[in-house]
Amino acid sequence: MSRWRLAAAALAASVAWTGATAQVACPSDAQALPLVALFGAWEARFDGVPGAATVLLARHPEYAGVRGSITRDGGARAELAGDIDDEGLLTIDESQDGRAISATWSGGLQAGSCGKVFEGTWRRAGEERTARFVLRKTSSAIERNESEVKP
């Protein structure tokens, strides 16, 4: 094999290896996450509240964000809408009636979680007290199947 062909083969292998590495790299912050990474089922746990709630998120039909629902232990359900804000935090508005905001969530992506764990604070509207939450991904939904996770 000539030196030029050998060099071209080495370059092609290097590019292929670098491309493969970039595709599996873990995002270092939430702003680096593609929106589709938020789609799917999540488990939410709140300090001081026994059990876990189920969160389902899909593409928001009106803006580059997510819309979905939370179902808490005992069957209480609320609507959710949110996105990744300018500071890289996952922000979610929660509504019991689908109109007024009943609570807000603000959480950061946990380092090394590859977009699968957010931790932050949850606050009921009109109250100063907050509760810590952990939101952990339990399954993904690819965009073409996002109807599976719509509220």
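Please read these numbers as outputs of a predicted model, since none were measured by experiment. (Residues numbered from 1 in each chain as written. Predicted model: local features only at pLDDT ≥ 70, side-chain atom pairs only at ≥ 80, totals over all residues. Heavy atoms only, no water.)

**Considerations on the pattern of salt bridges**
Just so we agree on the cut-off: Basic side-chain nitrogens of Lys or Arg form a salt bridge, by our definition, when they fall within 4 Å of a carboxyl oxygen of Asp or Glu. Only DSSP runs of H or I with at least four residues qualify as helices, and only runs of E with at least two residues qualify as strands; both kinds are numbered from the N terminus onward. Here the term buried applies to any residue with accessible area under 20% of the maximum for its type, exposed to any over 50%, and partly exposed to those in between, with areas from a 1.4 Å probe on protein chains only.
Per the counting criterion, the structure on display carries five salt bridges. Between Arg-132 and Asp-47 there is a salt bridge; the shortest N-O distance is 3.4 Å. On the criterion of sequence distance, the pair formed by Arg-132 in strand β8 (residues 130–140) and Asp-47 in the loop between β1 (40–46) and β2 (53–59) is long-range, its members being 85 residues apart. The exposure class of Arg-132 is partly exposed, given its relative accessible area of 37%. The class for Asp-47 is partly exposed, based on a relative accessible area of 44%. As a salt-bridge pair, Glu-127 and Arg-124 come within 3.6 Å of each other at their nearest N and O atoms. Linked through salt bridges whose partners overlap, the residues forming this network are Asp-47, Glu-119 and Arg-132.

**Some details on the layout of surface pockets**
Stated formally: Whether a set of points on the 1 Å grid over the protein atoms alone is a cavity depends on a 1.4 Å probe fitting there but being unable to get out, while an open set qualifies as a pocket with protein on both sides within 12 Å along at least five of seven lines; lining residues are those with an atom within 4 Å of a point. Grid points are joined across faces, edges and corners, and a volume is the space filled by probe spheres set on the points. Polar here means any residue outside two lists: the nonpolar Ala, Val, Leu, Ile, Met, Phe, Trp, Tyr, Cys and Pro, and the charged Asp, Glu, Lys and Arg; Gly therefore counts as polar.
Its volume calculated, the largest pocket comes out at about 200 Å³. Lining the largest pocket, in full, are Phe-46, Asp-47, Val-49, Arg-72, Glu-94, Gln-96, Ser-102, Ala-103, Trp-122, Arg-124, Arg-129 and Ala-131. The residue makeup of the lining of the largest pocket, split by class, is five nonpolar, two polar and five charged. Of the pockets and cavities examined, the second largest pocket occupies roughly 170 Å³. In terms of lining, the second largest pocket is formed by His-60, Arg-67, Glu-79, Leu-80, Ala-81, Asp-93, Ser-95, Gly-98, Arg-99 and Ile-101.

**Some words on the sheet that holds strand β6 (residues 103–109)**
Put simply, the rule reads: Strands are labelled as partners when DSSP assigns at least two bridges between them. Where helices are involved, their axes are fitted lines through C-alpha atoms of the stretch in contact, as for all axes, and angles between N-to-C directions lie from 0 to 180°.
Read around the closed barrel, the eight strands follow the order β1-β2-β3-β4-β5-β6-β7-β8; overall the barrel is antiparallel. If you compare each strand with its neighbour and ignore which way they point, the axes differ by 30° on average. Of the strand pairs in this sheet, β1 and β2 are connected by five bridges, and their pairing is antiparallel. Each residue of the ladder has a partner; that of Glu-43, found in β2, is Thr-54.

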